[in-house]
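Below, each chain spelled out in residue letters.
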2 protein chains.
Amino acid sequence: MCASHVKVTACATVGTLADLPPDVCESVSDVLARVGDKWSLLVIYMLSGGSKRFSELKRGVASISQKMLTTTVRGLERDGYVTRTVTATVPARVDYELTDMGRDVLLPVTALATWALTHRSTVEAARMAYDRLG
Amino acid sequence: MCASHVKVTACATVGTLADLPPDVCESVSDVLARVGDKWSLLVIYMLSGGSKRFSELKRGVASISQKMLTTTVRGLERDGYVTRTVTATVPARVDYELTDMGRDVLLPVTALATWALTHRSTVEAARMAYDRLG
DNA sequence: CGGTATCCAGGAAGATACTG
DNA sequence: CAGTATCTTCCTGGATACCG
């Protein structure tokens, strides 16, 4: 994904929800593109406990590849959700930490997470019912 | 995306946020995978104004291809966010409508949308600052 | 009208190897 | 340790054509 995958390209003629200007669409998709991708949310959650180095994140999200972790933290850094601090020792050490905004986004995201958990069974039931018919 | 793209596959050793069991990760990623994809949110928003037919949705999201609109509404139907009603006239007529759950998810999603709008400028500034350096 | 089927190009992501 | 570079594979999504 990273940047351009989840990018709403047209909101022009929506207009069913009162006052849904195009820039709202773009903002939402921007945030969702970052927060909603495969790994970002997990990394943010991990960092909510405090600063972590690259290898700690790597261990925490066991199945992520080094490449994808790099890509993910770079994206989060670019959008201002985390800071990246390099300590030029040998071997090198890099620490990642949530910014204020990074901590801030946890609030609405947690709300969505709560909703997701609450409606988990409903979604699963709907999915199974749908698949049963074909 | 549809179904498998945004799918968290490992949450095992996260544990920094107090009590973040694996099923929370899966639920969240399930919801985000559906709601956070390129078109679903727009379709949901369009349907928040009431039942709409296929062609109306197609016009509303001008730049979406017929294939992607079909894929999107199918996914939303599968997960129980919308209902699909076929009227066997000639030519055929198909109406889509939000379920209770579909209307319900608008709440947390709107919260995130609001956050996104509020922090829009911050994200953009961070992005530009990051890109300026390289 | 509302799809489905098919083909194709481009990006995403895994595996692997190498570097400051 | 924390990356970058490259190669390859998979899959998404666009274009097009056809069907009930």
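What counts as what
- Residues numbered from 1 in each chain as written.
- Chains lettered and ligands numbered in written order.
- Predicted model: local features only at pLDDT ≥ 70, side-chain atom pairs only at ≥ 80, totals over all residues.
- Heavy atoms only, no water.
- Domains from an automatic or database assignment.
- Contact = heavy atoms within 4.5 Å.
- Buried area = accessible area lost by both parts, 1.4 Å probe.
- Salt bridge = Lys/Arg side-chain N within 4 Å of Asp/Glu carboxyl O.
- Near = heavy atom within 4 Å.
- Polar contact = N/O pair within 3.5 Å; in protein donor to acceptor, adjacent residues only side chain to side chain.
- Helix = DSSP H or I, 4+ residues; strand = E, 2+ residues; numbered from the N terminus.
- Nonpolar A, V, L, I, M, F, W, Y, C, P; charged D, E, K, R; others polar.
- pLDDT = per-residue confidence, 0-100.
- Phe/Tyr/Trp six-rings, centres within 6.5 Å; stacked < 30°, edge-to-face > 60°.
- Buried < 20%, exposed > 50% of the residue type's maximum accessible area, 1.4 Å probe, protein only.
- Pairing = 2+ DSSP bridges.
- Axes fitted to C-alpha atoms, helices over the stretch in contact; angles between N-to-C directions.
- Core = buried A, V, L, I, M, F, W, Y, C linked by side-chain atoms within 4.5 Å.
- Expected span 1.5 Å × (residues − 1).

S.K.: What should I look at first to understand the domain arrangement of chain A in this one?
M.R.: How large an interface is tends to be reported as the accessible area lost when its parts come together. Residues and elements named next belong to chain A. Assigned domains within chain A: domain 1 (1-36) and domain 2 (38-133). Taken together, the 5 residues of domain 1 in the interface contact 11 residues of domain 2. Summed over both partners, the interface of domain 1 with domain 2 buries about 680 Å², with 63% contributed by carbon and sulfur atoms. The tally of links between domain 1 and domain 2 comes to 1 salt bridge.

S.K.: I keep staring at the protein's contact with DNA strand C and nothing clicks. Help me out?
M.R.: Lining the immediate surroundings of DNA strand C are 19 residues, of which Lys67(A), Met68(A), Gln66(B), Arg84(B) and Tyr96(B) lie closest. At the protein interface, 67% of the atoms of DNA strand C within 4 Å belong to sugar or phosphate. Interatomic distance of 2.7 Å between a side-chain N/O atom of Gln66(B) and a base nitrogen of DNA strand C. Every element with two or more residues in the surface near DNA strand C is listed here: helix 4 (66-78) of chain A together with helix 3 (54-60), helix 4 (66-78) and strand 3 (93-98) of chain B. Broken down by element, the surface near DNA strand C gets its largest block of residues, 4 residues, from helix 4 of chain B. Residues belonging to the surface near DNA strand C are distributed by class as follows: 8 nonpolar, 6 polar and 5 charged.

S.K.: Any chance you could explain the confidence of the model for chain A here in plain terms?
M.R.: The predicted coordinates ought not to be read in detail in places where the model reports low pLDDT. Looking at chain A as a whole, the pLDDT averages 84, with 84% of positions reaching at least 70. Across residues 1-19 of chain A the pLDDT falls below 50, and counting only partners more than four positions away or on other chains, this stretch makes 49 contacts in the model.

S.K.: What is the right way to look at the packing of aromatic side chains in this model?
M.R.: We describe a pair of aromatic rings using the distance from one ring centre to the other and the angle between the two ring planes. Across all of its chains, the model carries 2 aromatic pairs over all chains by this definition. Between Tyr81(A) and Trp115(B), the aromatic rings sit 6.3 Å apart at their centres with planes inclined by 20°, giving stacked as the arrangement. Note that Tyr81(A) is positioned in the loop between helix 4 and strand 2 (82-87) and Trp115(B) in helix 6 (residues 106-118), a pairing that runs across two chains. Classification of Tyr81(A) as buried rests on a relative accessible area of 0%. On the accessibility criterion, Trp115(B) (7% relative accessible area) is buried.

S.K.: I'm lost on the sheet that holds strand 2 (residues 82-87) of chain B in this one. Help?
M.R.: The pairing of strands in a sheet comes from backbone hydrogen bonds and takes either a parallel or an antiparallel form. Residue and element names in this part refer to chain B. Spatially, 3 strands are ordered 1-3-2 in an open sheet, and the strand pairing comes out antiparallel. Across the chains shown, the open sheet's two edge strands, defined by having one partner strand only, are strand 1 (52-53) and strand 2. The pairing of strand 1 with strand 3 spans 2 bridges and is classified as antiparallel. In the strand pairing of strand 3, Arg53 is matched with Asp95. Seen against the sheet, helix 4 touches strand 2 and strand 3 and runs at an angle of roughly 115° to strand 2.

S.K.: In this structure, what is going on with the sheet that holds strand 2 of chain A? I would like to understand it.
M.R.: Residue and element names in this part refer to chain A. With antiparallel pairing, the 3 strands of this open sheet are ordered in space as 1-3-2. Only two strands of the sheet have a single neighbouring strand rather than two, namely strand 1 (52-53) and strand 2. Pairing analysis gives 6 bridges linking strand 2 to strand 3 (residues 93-98), with the strands arranged antiparallel. Bridging across to strand 3, Val86 finds its partner in Val94. Here helix 4 sits on the sheet and contacts strand 2 and strand 3; the angle it forms with strand 2, its principal contact strand, is near 115°.

S.K.: Just to check I follow, could you spell out the nonpolar core for this structure?
M.R.: If you look at soluble globular proteins, the nonpolar side chains tend to sit buried side by side. Of all hydrophobic cores here, the largest spans 70 residues; its most connected members are Leu57(A), Tyr81(A), Tyr96(A), Leu57(B), Tyr81(B) and Tyr96(B). Sorting elements by how many residues they give to this core places helix 5 (residues 100-118) of chain A first, with 8 residues. Excluding residues that lie within four positions of it along the chain, Tyr81(B) makes contacts with Trp115(A), Val123(A), Val31(B), Arg34(B), Leu76(B), Glu97(B), Leu98(B), Thr99(B), Met101(B), Gly102(B) and Val105(B).

S.K.: Which parts of the structure should I look at to understand helix 6 of chain B?
M.R.: Since there are 3.6 residues in each turn of an α-helix, residues three or four apart along the chain are aligned in direction. For helix 6 of chain B, with 13 residues, the first-to-last C-alpha span of 18 Å sits near the 18 Å given by 1.5 Å per residue. Listed as buried for helix 6 of chain B are Leu106(B), Pro108(B), Val109(B), Leu112(B), Ala113(B), Trp115(B) and Ala116(B).

S.K.: Would you explain the environment of Ala125(B) in this entry?
M.R.: Residues and elements named next belong to chain B. Mapping Ala125 onto the fold places it in helix 7 (residues 120-133). Using a relative accessible area of 44% as the deciding quantity, one classes Ala125 as partly exposed. Each C-alpha atom of the pair Ala125 and Val86 lies 47 Å from the other, and the pair is 39 residues apart in sequence.

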